[in-house]
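The primary structure of each chain is shown beneath.
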Amino acid sequence: MHGLIFNIISHNESRTVGAHLIASYLREHNWDIEVADWAHTWTLEELQAFARSRINKNTKWIGFSHLFSRWSITLEEFCVWLKITWPDLVLVSGGNVSPRFDTNTIDYYISGYGEYAILELLKYLFSNGTPVKFTLAGRKLKKIIPANDFYRAAPKHQIRAVYEERDFIFQDEWLATQTSRGCVFSCDFCNVTMVGVKSDFTRDAKDFDIEMRENYDRFGVKNYIVADETFNDRLDKVIKYADVVEQLPFVPYYAGYIRPDLLVNRPGDREQLLRMNFLGHFYGVESFNRPSAKVVGKGLDSEKLKQGLIDARQYFESTNRKLYHGKISLIAGLPYETFESLENTLNWLLEHWTGHNWTMETLVIERGEFTQPSKMSLDFRKYGYEEMSPDDIAKYNLTDPALRKIVNPDYMGFGPVSWNNDAGVMLWKNDITDALETTVWVESRAKEIRRTNHFSPAPHTLSRPRFVGAVEDRIAYCKEWPPIENRDPPQNTKNNFNKMLDTYKTQKINYRG
Ligand code: SF4
């Protein structure tokens, strides 16, 4: 039996691994599964041409794999067309957060690590398997299968994506990989689907080793985004993969999520990360205002954290492996955060973090009826939040481009349910501000500061994916930081990437295997 998975990623993102893990797993169970990457960049006509070239009498289902929870009018139109053209096809959506987007076409939603859940669903639908367990959520009573509750694919010690010829992997692209599942922490605002993991959920070192060697031998790939929720959650874990990396016949490069408080408090982290060339760091700082960070579970003293980040940066920059890039992630709108404290943060970034990067986004509070919401979503009043009333909202000009992100249902499904039917995120307010005022400030003030100062990447070198692009730009353009030995500087400028995408889509549509 045959199925297709569309991987919903965009222009400036590298291909994510979830769709390929699902495909690899199902192939082991006699399914012929093909993945179409960068589905957010395909036109309706391209999607239709691809579907016509692939769908046959054996095609039973079509999957849509989400990085977070994104959808678009094009994808909705495509699904409507699929349902009209092949009424028996089952449409399944999957992702690691709950489905917050609005649609009338998806039959089942899987949230969490989905290998076992999708297999059980397919057995039920097409092989007389037992009925699957699901919950009904949202106004449209979406059938959501919370995989981590009912079909938990963790711990899973073999999590290797096996790529095919028809994936058209490019030598200089960044693939994603996983070394563990879930997160050992449990931050109050966090809505990833498996937090508070207590035992060893890491992947076998051998399995990781095979993947690295195979992708290098077959495609020449050396660069990876590690898609763990927190890569340095345990020091023994970092050592485990550093041991593998040191034995590889090539010099790889890794980027991913690093808990900055651990990096600051545990000097062994930096040595091990350096040993495996894990030098692209995305730091979930969330706030430099201590009461704000503390209330959501990131309570390291802010001054110590700031100094620790400066020290870590100097440590990595002073070694002979000079490809370090640190990106700080911040949330605007946490409890006790004021615009004054946010301005203080901007001033610190200007003084101490130029040449590197940071991001700031408005706090997300999900609606509780969806699966696995954060602690803050479940009990937002405890944290001092209320839902904005229609009168509160009416004060804003919702056509303001700065508000596009928060009120545009295509983007994240923000907004009151009545606006886009089935949104999973609420517009919040607290004693200090609200989600709309905060978003206007973030989009106009904070991002303007970032745009007009020397934070990497410089606009003209913006490449893909955004985070990794910064690292690549550093490698390619910063003459004073030459590439490490045996490593060619990647040339992934935005234009090159767009060209690569065009090539990919053409190859994909014309491929006849
Ligand atoms: S915010 Fe990061 S560290 Fe905290 S629970 Fe979520 S994934 Fe883990």
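Residues numbered from 1 in each chain as written. Predicted model: local features only at pLDDT ≥ 70, side-chain atom pairs only at ≥ 80, totals over all residues. Heavy atoms only, no water.

Participant: For this particular structure, what's the right way to read the overall build of the protein chain?
Facilitator: Per the secondary structure count, the protein chain includes 19 helices and 17 strands. For the protein chain, buried positions account for 60% of its 513 residues. Here the contacts in the protein chain between residues at least 6 apart in sequence split such that 77% fall between residues at least 24 apart. Counting only carbon and sulfur atoms, one obtains 50% of the accessible surface of the protein chain, whose full area is about 20,400 Å². (Helix = DSSP H or I, 4+ residues; strand = E, 2+ residues; numbered from the N terminus. Buried < 20%, exposed > 50% of the residue type's maximum accessible area, 1.4 Å probe, protein only. Contact = heavy atoms within 4.5 Å. Areas by Shrake-Rupley, 256 points an atom, 1.4 Å probe, with all protein chains shown as cover.)

Participant: Looking at this structure, I do not really get the pairing of strand β8 (residues 174–177). What am I missing?
Facilitator: The side chains of a regular strand alternate, residue by residue, between the two faces of the sheet. Alternating positions in β8 separate into two faces, W174 and A176 on one and L175 and T177 on the other, with burial throughout. Between the parallel pair β8 and strand β9 (residues 223–226), the chain is carried across by helix α6 (residues 205–219), and the sense of this crossover is right-handed. (Right-handed = clockwise from strand over helix to strand, strands pointing away.)

Participant: I would appreciate a short explanation of the sheet that holds strand β7 (residues 142–146) in the present structure.
Facilitator: Two modes of strand pairing occur in sheets, parallel and antiparallel, and in both the strands are linked by backbone hydrogen bonds. Strands sit in the order β2-β1-β3-β4-β5-β7-β6 across an open sheet of seven strands; the sheet is mixed. Taken across any chain shown, the strands that pair with only one partner, and hence form the sheet edges, are β2 (32–36) and β6 (135–137). Sheet twist, expressed as the average angle between the axes of neighbouring strands with direction ignored, equals 25°. By the bridge criterion, four bridges tie strand β4 (residues 90–95) to strand β5 (residues 108–111) in an arrangement that is parallel. The residue bridging S93 from the neighbouring strand is Y109, located in β5. Contacts from helix α1 (residues 18–27) reach β1 (2–8), β2 and β3 (59–66), with the element oriented near 170° to β2. (Pairing = 2+ DSSP bridges. Axes fitted to C-alpha atoms, helices over the stretch in contact; angles between N-to-C directions.)

Participant: How should I be thinking about the sheet that holds strand β11 (residues 278–286) in this particular structure?
Facilitator: Judged by pairing direction, the sheet is parallel, and its six strands sit side by side in the order β8-β9-β10-β11-β12-β13 without closing on themselves. Of all the strands in the sheet, the pair left with one neighbour each is β8 and β13 (357–362). Put simply, the sheet's adjacent strands are angled 20° from each other on average, direction ignored. The pairing of β8 with β9 spans four bridges and is classified as parallel. When the bridges of β9 are listed, T177 appears paired with V226. Against the sheet, α6 makes contact with β8, β9 and β10 (253–258), and its axis sits at roughly 165° relative to β8, the strand it touches most.

Participant: What exactly am I supposed to notice about the side chain of R203 here?
Facilitator: When you line up the elements, R203 lands in the loop between β8 and α6. Assessed through its relative accessible area of 0%, R203 is described here as buried. Leaving out residues up to four positions away in the same chain, R203 has contacts with K156, H157, I159, R160, T177, Q178, T179, F208, E211, K240 and Y241.

Participant: What exactly am I supposed to notice about the pattern of salt bridges here?
Facilitator: A side chain with one charge can pair with a side chain of the opposite charge if their charged atoms come near. Enumeration according to the criterion identifies 36 salt bridges in this entry. The partner of E246 in a salt bridge is R275, and the shortest N-O contact between them spans 2.9 Å. With E246 in helix α7 (residues 235–246) and R275 in helix α9 (residues 267–275), this pair connects stretches of sequence that are 29 residues apart. Relative accessible area serves as the criterion here: at 46%, E246 is assigned to the partly exposed category. The shortest N-O distance in the salt bridge between R445 and E343 comes to 2.8 Å. Remark: E343 occurs in helix α12 (residues 339–352) and R445 occurs in helix α17 (residues 435–451); sequence separation between them is 102 residues. In this structure, a network of salt bridges that share partners links the residues R27, D32, E34, R54, E164, R166 and K508. (Salt bridge = Lys/Arg side-chain N within 4 Å of Asp/Glu carboxyl O.)

Participant: Where do I start with the confidence of the model for the protein chain in this structure?
Facilitator: Close inspection of predicted coordinates is inappropriate in any region flagged by low pLDDT. When pLDDT is averaged along the protein chain, the result is 85, and 86% of the positions lie at 70 or above. For residues 409–422, every residue scores under 50 in pLDDT, and the model assigns this stretch 50 contacts once sequence neighbours within four places are set aside. Low confidence marks residues 457–493, where pLDDT is under 50. Its contacts with residues over four positions away, or in another chain, come to 92 contacts. (pLDDT = per-residue confidence, 0-100.)

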